[in-house]
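# Summary of structural features
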Amino acid sequence: MSNVIIIGAGAAGCFCAIEIKRRKPELQVTVLESGARPLAKVAITGGGRCNFTNSFEDVGRLEEAYPRGAQLMKRALRVFSNRDTMDWFQREGVQYVIQEDRCVFPKSQDAMQIVRTLENRMRHLGVELRCGAKVGAVYAEEGGFRLDTSAGPFRADSVVITTGGGALKLLEPLELQIEKPVPSLFTLKIDNDGLRSLMGALAPDAILSLAGTPFRASGTLLLTDWGVSGPATLKLSSYAARHLAGNGYKGTLMINWTGWSEDQARSFLSESARQNGKKRVANVTPDGLSARLWQHIIGRAGLREDIIWTELGSKGANRLVGALTADAYEIAGRCHFKAEFVTCGGVSLQEVNLGTLESKKYPGLYFAGEVLDLDAITGGFNLQAAWSCAMVVARSF
Ligand SMILES: Cc1cc2nc3c(=O)[nH]c(=O)nc-3n(C[C@H](O)[C@H](O)[C@H](O)COP(=O)(O)OP(=O)(O)OC[C@H]3O[C@@H](n4cnc5c(N)ncnc54)[C@H](O)[C@@H]3O)c2cc1C
C-alpha cells in the first residue's frame, strides 16, 4: 500500500490528513508530530476561542489580508473558500458565529471544539497519528523519501510538510529556496511617558504609517503600558514585517488619531470653534476619542491644556491638525510577548507548483500552511490559509 507521511499535526497537517484519507482511503496516512499532542496551537488560537476563518466582507484586494502569498491564496480559495470552511465545520457539528468585525468563531466560543472535531475525524478515518516523533531531516531517495526522526527512520512514497513557521531545519538536505523567517503580528514599543500614561485608551479609527515608507494600516489603535497595540498595530507589523526586521525594529511611527484628512480635521476645528467659542478645546472631543486622549493630542500640539476655542487662531489650529493627523513617535523596538504571532517567510513560493503545492524539484513532496512564505493579518485569515492549502494538497492525491 502506498504511504503518505505528513510532518506536523497542526491545523494544516491534520486537515490535510483527513482530506487525503477521505478521498483515498486505500492510502496509508501517517502524521508525525514532535509535540506531545496534536493541534496544540489551534487550542490557543483566538484567545482560546479559535477565530477559524473570516467572512472576507472587508477584504478589498487579497493582498490586504495576505501580505505574503496573495496569489497563492487566490487560487487556493477557489479550491476551498472561507464559505467552504464554515460549511465543512458545520457538517462536522460545529455551529459558528460571524462577528460584526467579520471574524468567524465556533458558537461554543471554545477552540477545543475545533481540536476535538479534527482529532475525532482523523481517528474515524484511520489516520495514524504519532506524537513525540520529531523529524530531524527529510531526504529524497529513489522512488520516495527517507525521514530521520526521534522515533526512528521512516520511509514514505509522498511527504507533506506542515511544520508551521520557522521549523525549517528538517528541510536542509533538500536545499530549497527559503525566504528568511521573521516575525509578524507584533506590537510596538514606544518610549513616551505621555503615551504610556494613556494605557487602555483606544482610537477606533486610527491610521498608522511608517514615515518614509508606503506601509500604512487602519483600524483600532490600543495604547498600552509599553506602547501601541490593537488591530491597526498588528496589521502594520504584518505589512512591514520584513522592513521592520531589516531596520532592527526602529523607525518613526506616524499616528493619525481619527483617520481624518487634514481638511476633515480643519473643518472639525472650525465648526467646533464656531459652536463652542468660549468653551475649552479640551471639552469638545472628536468622536471616538476619550477626553484624556484628546487632552494628550492638545498637549502634543504644544497648546495649553486650558486653551479655549477663540484663542486657538490659525497657528494653533495648524498645530492641532498636525497632532491629530500626523503625530510622530520613535519606535523603540518590538514586543516579544502577548502576540498572536505568525512567521513571515518560509519555503519560497517559487519552489512549488501553485496549483498543487507540490515541490517543483521533488515530485511527491508537498507543503501546506505557515511553513510556506505565506502569512496574513489577524482575523482568521491565517487558519483559512492552513485549511485552503491543506485542501489543495489533498486534492492533488
Ligand atoms: C497565540 C496565537 C493565536 C493565534 N490565533 C489565531 C486565530 O485566532 N486565527 C487565525 O487564523 N490564526 C491564528 N493564529 C495563527 C495560526 O495559529 C497559525 O497560522 C496556524 O496554526 C498555522 O498552522 P500550521 O498547521 O501551518 O502550523 P502549526 O499550527 O504551527 O503546526 C505545525 C505543527 O508542526 C509540528 N512540528 C514542527 N516541526 C516539527 C518537526 N520537525 N517534526 C514533527 N513535527 C513538527 C509543530 O509541533 C506543530 O504541531 C494564532 C497564532 C498564535 C501563536
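Treat the numbers as computed from the prediction; the structure is a model and nothing was measured. (Residues numbered from 1 in each chain as written. Predicted model: local features only at pLDDT ≥ 70, side-chain atom pairs only at ≥ 80, totals over all residues.)

Here we come to the environment of I377. Relative to the helices and strands, I377 resides in the loop between β21 (365-367) and α13 (381-395). Among the residues examined, I377 registers 26 C-beta atoms within 10 Å and is labelled buried. Once the C-alpha coordinates of I377 and T310 are considered, the two residues, 67 residues apart in sequence, prove to be 44 Å apart. Contacts of I377, omitting those with residues within four sequence positions, involve A65, L234, K235 and S238. (Helix = DSSP H or I, 4+ residues; strand = E, 2+ residues; numbered from the N terminus. Buried ≥ 20, exposed ≤ 12 C-beta atoms within 10 Å, placed from the backbone. Contact = placed C-beta atoms within 7 Å.)

According to the domain assignment, the protein chain consists of domain 1 (3-183 + 340-395) and domain 2 (187-339). Tallied by class, residues from the side of domain 1 that touches domain 2 come to six nonpolar, one polar and one charged. (Domains from an automatic or database assignment. Nonpolar A, V, L, I, M, F, W, Y, C, P; charged D, E, K, R; others polar.)

Two strands pair when backbone bridges link them, and strand β1 (residues 3-7) and strand β2 (residues 28-33) are joined in this way by five bridges, in the parallel orientation. Bridge pairing links I7 to L32 in β2. (Pairing = 2+ DSSP bridges.)

Counting 78 residues, the largest nonpolar core has C16, A368, C389 and A390 as its most contacted members. Sorting elements by how many residues they give to this core places α13 first, with eleven residues. A206, A217, L293 and C344 belong to the second largest nonpolar core, which has 41 residues in total. (Core = buried A, V, L, I, M, F, W, Y, C linked by C-beta atoms within 7 Å.)

All buried positions along helix α11 (residues 291-300) are accounted for by L293, H296, I297, I298 and R300. Lining the buried residues of α11 we find α7 (193-196), β13 (202-210), α12 (313-325) and β17 (327-334). In the stretch just after α11, G302 is the one whose phi turns positive, near 75°.

This paragraph deals with the site of the ligand. G8, G10, G46, G164 and G369 are the nearest of the 36 residues found near the ligand. Among the secondary structure elements, those contributing two or more residues to the shell around the ligand are α1 (11-23), β2, α2 (40-44) and α13. Split by residue class, the shell around the ligand holds 17 nonpolar, 14 polar and five charged. (Near = placed C-beta within 6 Å.)

The geometry of helix α4 (residues 70-79) relative to α13 is characterised by a closest axis approach of 9 Å and an angle of 70° between their N-to-C directions. Classified by the angle between their axes, α4 and α13 sit roughly perpendicular to one another. Contacts between α4 and α13 pair M73, A76, L77 and V79 from the former with A385, S388, C389, M391, V392 and R395 from the latter. In terms of residue class, the contact of α4 with α13 is built from eight nonpolar, one polar and one charged. (Axes fitted to C-alpha atoms, helices over the stretch in contact; angles between N-to-C directions. Parallel < 35°, antiparallel > 145°, perpendicular 65-115°, else oblique.)

Once that is clear, we can look at the sheet that holds strand β3 (residues 53-54). Read across the open sheet, the three strands follow the order β3-β5-β4; overall the sheet is antiparallel. With partners counted over all chains shown, the strands left at the sheet margins are β3 and β4 (96-98), one partner each. Across three bridges, the pairing between β4 and strand β5 (residues 103-106) is antiparallel. Within β5, the position partnered with I98 by the bridge is V104.

On the basis of which strands lie adjacent, the closed barrel formed by six strands has the order β12-β15-β14-β13-β16-β17 and antiparallel pairing. Between one strand and the next, the sheet's axes are offset by a mean angle of 50°, whatever the strand orientation.

A negative phi angle characterises most non-glycine residues, just as the trans form characterises most peptide bonds. Of note, F56 is a non-glycine position whose phi angle comes to about 65°, a positive value. Assignment of secondary structure puts F56 in the loop between β3 and α3 (62-65). By the C-beta count within 10 Å, which is 19 here, F56 ends up partly exposed. Non-glycine residue L185 carries a positive phi angle of around 60°.

On to the pairing of β17. Bridge analysis of strand β12 (residues 188-190) against β17 gives three bridges, and the strand direction is antiparallel. The residue of β17 that forms the bridge with L188 is R334. Across five bridges, strand β16 (residues 251-256) lies against β17 in antiparallel orientation. Residue pairing in the sheet places L253 in a bridge with Y329 of β17.

A few words on the packing of α1 against helix α6 (residues 111-125). Across the interface, α1 lies against α6 with an axial gap of 10 Å and an inter-helix angle of 35°. In the crossing of α1 with α6, the sense of the turn from one axis to the other is left-handed. Every residue of α6 that contacts α1 at C14, F15, A17, I18, K21 and R22 is listed here: L118, R121, M122 and L125. Of the residues belonging to the contact of α1 with α6, the class tally is seven nonpolar, no polar and three charged. (Left-handed = near helix turned anticlockwise from the far one by under 90°.)

Mapped onto the elements, D148 comes out in strand β8 (residues 144-149). For D148, a count of 15 C-beta atoms within 10 Å translates into the label partly exposed. For the pair D148 and A137, spaced eleven residues apart in the sequence, the C-alpha separation amounts to 5.3 Å. Residues contacting D148, with those up to four places away along its chain left out, are G136, A137 and P153.

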